[in-house]
Amino acid sequence: MEVLIIEDEAPAAERLTSLLQQYDERIRPLAVLSSVKEALQWFADHRQPDLILLDIHLSDGLCFDIFKQVELRCPIIFCTAYDQYVLDAFQVHSIDYLLKPVQYPKLEKSLQKMAAIRSQMQPATGDTSFNEIIRIIKTSQQSYKSRFMVKAGNRIRAVKSSEIAYFNSRNKITLLVTKEGQRYPLDYTLDELMTMLDPVQFFHVNRNLIIHIDSVKEVHPYFKGRLKLVLVPEYDEETVISSQKTPLFKAWLDH
């Protein structure tokens, strides 16, 4: 298998190369590219690889700028430090979305997922095999949790995802808060929750808060390009969207 790595941090690229070799010594890393410009030039001169390991923040912009100019037909595993781009990632031919630092068990699982997809394919060559991979990816996209089992006194109850207003984390304790203001502890971190939740419905505001779209009551302009939110039920801390996340948040609200 031939793999292209697009990653602007040398240590991260070296780690990915090492993890690929750990998984299968026969994997051939074709190149390590660090920018959108380098990637566009590489695709102009080479055929597409069997797989791309792709960082989102590159040295000269976001990787999604590549897709605007090149029709990528090969599977992609995103490897990034940012979790707010999950929705964008799954609009392209994404096998998985891994958060840095990438751990071997998670990459192994992603590669096994790709192998399973390939095993479903009929023998094919050239673009036909790419198209078949894409078809299978689209029909086997991640399903999201529809409910959470929580402890309410001496009983267990199911809370539907549509009933959740937000999740917040403090002092290593994660709470699920319903639209009615009920609070239940969970055994998940916010990062773990973002892999389970539908990114169309939920947004990771900051390290302490994930909100459901229906919990946003008001949005106000704030200092330095930021946004201030009013949530329902009322959240007891100031809720501010950073200037970096503001465009993503606006796009999410308008989805």
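Residues numbered from 1 in each chain as written. Predicted model: local features only at pLDDT ≥ 70, side-chain atom pairs only at ≥ 80, totals over all residues. Heavy atoms only, no water.

Novice: Is there a simple way to explain the environment of Val 200 in this structure?
Specialist: Mapped onto the elements, Val 200 comes out in the loop between α7 (190-194) and β13 (202-206). Owing to a relative accessible area of 24%, Val 200 belongs among the partly exposed residues under this scheme. Note: C-alpha distance between Val 200 and Trp 252 (52 residues apart in sequence) is 6.9 Å. (Helix = DSSP H or I, 4+ residues; strand = E, 2+ residues; numbered from the N terminus. Buried < 20%, exposed > 50% of the residue type's maximum accessible area, 1.4 Å probe, protein only.)

Novice: What should I look at first to understand the packing of aromatic side chains in this one?
Specialist: Each pair of aromatic rings is reported with the distance of its centres and the angle of its planes. In the structure shown here, the tally under the stated rule is 11 aromatic pairs. With 5.6 Å between their ring centres and 65° between their planes, Phe 148 and Phe 167 make a pair best called edge-to-face. With Phe 148 in strand β8 (residues 147-152) and Phe 167 in strand β10 (residues 164-170), this pair connects stretches of sequence that are 19 residues apart. Overall, Phe 167 belongs to the buried group, its relative accessible area being 0%. Among the aromatic side chains, those forming a connected cluster through ring pairs are Phe 148, Phe 167, Tyr 188 and Phe 202. (Phe/Tyr/Trp six-rings, centres within 6.5 Å; stacked < 30°, edge-to-face > 60°.)

Novice: I'm lost on the nonpolar core in this one. Help?
Specialist: Nonpolar side chains in soluble globular proteins tend to be buried together. Leu 4, Ile 6, Phe 43, Ile 52, Cys 63, Ile 66 and Phe 78 are the most contacted members of the largest nonpolar core, which has 22 residues in total. Mapped onto this core, the elements with two or more residues apiece are β1 (2-6), β2 (28-33), α2 (36-45), β3 (51-54), α3 (64-67) and β6 (76-80). Among the elements that make up this core, the one with the highest residue count is α2 (5 residues). Listed in part, the 18 residues of the second largest apolar core include Ile 5, Leu 20, Ile 27 and Leu 111. (Core = buried A, V, L, I, M, F, W, Y, C linked by side-chain atoms within 4.5 Å.)

Novice: Sorry, what's going on with the pairing of β1 here?
Specialist: Of all 5 residues that make up β1, 5 are buried, and the element is covered over most of its length. Regarding the hand of the β-α-β motif, the stretch spanning β1, helix α1 (residues 10-23) and β2 is right-handed. In the sheet, β1 pairs with β3 via 4 bridges, with the strands oriented parallel. Bridge assignment links Val 3 to a residue of β3, and that residue is Leu 51. (Right-handed = clockwise from strand over helix to strand, strands pointing away. Pairing = 2+ DSSP bridges.)

Novice: What should I look at first to understand the sheet that holds strand β12 (residues 183-186) in this one?
Specialist: Backbone hydrogen bonds are what pair the strands of a sheet, in a parallel or an antiparallel way. A sheet is described by the order of its strands in space; here 5 strands give the open sequence β12-β11-β10-β14-β13, paired in antiparallel fashion. Each edge of the sheet is formed by a strand with only one pairing partner; in this case those strands are β12 and β13. For this sheet the average axis-to-axis angle between neighbouring strands, irrespective of direction, equals 20°. Sheet analysis places β13 next to strand β14 (residues 209-212), joined by 4 bridges and oriented antiparallel. From the neighbouring strand, Phe 203 faces β14, where its bridge partner is Ile 211. Helix α8 (residues 246-253) rests against β13 and β14 of the sheet, and its axis sits at about 160° to β13. (Axes fitted to C-alpha atoms, helices over the stretch in contact; angles between N-to-C directions. Contact = heavy atoms within 4.5 Å.)

Novice: I'm lost on the confidence of the model for the chain in this one. Help?
Specialist: Detail in the predicted coordinates should be disregarded across regions flagged by low pLDDT. For the chain, the mean per-residue pLDDT works out to 84, and 84% of the residues sit at or above 70. Segment residues 120-141 is flagged for pLDDT under 50; beyond a separation of four residues in sequence, or across chains, it makes 27 contacts in the model. (pLDDT = per-residue confidence, 0-100.)

Novice: I tried to follow α1 on my own but got confused; where do I start?
Specialist: Residues separated by three or four positions in an α-helix point in the same direction, a consequence of the helix having 3.6 residues per turn. Between the first and last C-alpha of α1 there are 20 Å, a value that for 14 residues agrees with the 20 Å anticipated at 1.5 Å per step. Of the positions making up α1, those classed as buried are Ala 12, Ala 13, Leu 16, Leu 19 and Leu 20. The arc that holds every buried residue of α1, seen down its axis, measures 125°, which confines them to one face. Summarising the geometry of α1, the exposed residues directed more than 90 degrees from the buried face are Pro 11, Glu 14 and Gln 22. (Expected span 1.5 Å × (residues − 1). Arc of directions from axis to C-beta.)

Novice: What should I look at first to understand α8 in this one?
Specialist: When α8 is considered as a whole, its buried residues turn out to be Thr 246, Leu 248, Phe 249 and Trp 252. The buried side chains of α8 occupy one side of the element, clustering within an arc of 160° when seen end-on.

Novice: I would appreciate a short explanation of unusual backbone geometry in the present structure.
Specialist: In most cases, non-glycine residues show a negative phi, while peptide bonds are predominantly trans. Between Lys 100 and Pro 101 the backbone carries a cis peptide bond, its omega angle lying at -10°. Mapping Pro 101 onto the fold places it in the loop between β7 (94-99) and α5 (104-119). Pro 233 follows Val 232 through a cis peptide bond whose omega is -5°. One can find Pro 233 in the loop between β16 (227-231) and β17 (239-241). One non-glycine residue with positive phi stands out, namely Asn 171, at about 50°. Exposure remark for Asn 171: the relative accessible area of 75% places this residue in the exposed category. One non-glycine residue, Lys 172, lies in the positive phi region at around 65°.

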